[in-house]
Amino acid sequence: MDPKKLLVVLCALVGLACGAGSSAAREQPVATRPTLVQPAPVQRPQPAQGAVELGETVVLNAGDTTEVASKDVSIRFARLVSDSRCAAGMVCVWEGEAVIELALAEPGRGERTTAEVASTGRGGRQSVEFAACRVDLVAVSSGGDQVTLRVSKA
């Protein structure tokens, strides 16, 4: 094939693949949508009540706080800052990212801070260190109202 024609074809394919600059593909008409098989419901861990040990994961609902058992540290899931993840029922080119805000406190020393952590490393950090603790964002629920965090020694 002529190199110029090949280049034109490749450019056309790239243009089609990129769409209009959106990370989500256009929805198909209702008549041609494939039927989706819903997976069996997954048992989700219950949100934490009380303290979490270093090395453990904890599930927090928006506004919930947990204490680190061996440290004078509290962690609160303050809010969902942004969410560019693919919506249910959409076909997406990339996975997107959720960013949350955590409020961290060390009451005994009067220290407080907030930090934003991201579900992927693209738009920000995935963990934060505070008062000799490291908090990693493990997962964000599809609605963004629940997070799973891993707390470990920094």
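Overview of the structure. (Residues numbered from 1 in each chain as written. Predicted model: local features only at pLDDT ≥ 70, side-chain atom pairs only at ≥ 80, totals over all residues. Heavy atoms only, no water.)

**Some thoughts on the sheet that holds strand β1 (residues 51-52)**
Taken in spatial order, the five strands of this open sheet run β1-β3-β4-β5-β6, and their pairing is mixed. On the outer flanks of this sheet lie β1 and β6 (111-118), each paired with one strand and no other. Where strand β3 (residues 65-68) and strand β4 (residues 73-83) come together, four bridges link them in antiparallel fashion. From the neighbouring strand, glutamate 67 faces β4, where its bridge partner is serine 74. (Pairing = 2+ DSSP bridges. Helix = DSSP H or I, 4+ residues; strand = E, 2+ residues; numbered from the N terminus.)

**Focus: the state of the cysteines**
The term disulfide refers to a covalent linkage connecting the sulfur atoms of a pair of cysteines. Considering all chains together, one arrives at one disulfide under this definition. Two residues, cysteine 86 and cysteine 92, share a disulfide whose sulfurs are 1.8 Å apart. Between cysteine 86 and cysteine 92, the disulfide has an S-S torsion of 80° and is therefore right-handed. Given the relative accessible area of 31%, cysteine 86 is considered partly exposed. (Disulfide = S-S within 2.5 Å. Buried < 20%, exposed > 50% of the residue type's maximum accessible area, 1.4 Å probe, protein only.)

**Points about the sheet that holds strand β2 (residues 56-61)**
Taken in spatial order, the four strands make up an open sheet running β2-β9-β8-β7, and their pairing is antiparallel. What marks the edges here is a single partner per strand, and that holds for β2 and β7 (127-130). With direction set aside, neighbouring strand axes in the sheet form an average angle of 30°. Across six bridges, β2 lies against strand β9 (residues 146-153) in antiparallel orientation. In the sheet register, asparagine 61 faces β9, and the bridge partner there is glutamine 146. (Axes fitted to C-alpha atoms, helices over the stretch in contact; angles between N-to-C directions.)

**Section: unusual backbone geometry**
The phi dihedral of alanine 131 is positive, around 50°, even though this residue is not glycine. Here alanine 131 is to be found in the loop between β7 and β8 (133-140). According to the relative accessible area criterion, alanine 131 is partly exposed, its value standing at 27%. The phi angle at alanine 132 is positive, at roughly 65°, despite the residue not being glycine. Among the secondary structure elements, alanine 132 is positioned in the loop between β7 and β8.

Shape descriptors only; they carry no functional weight alone.
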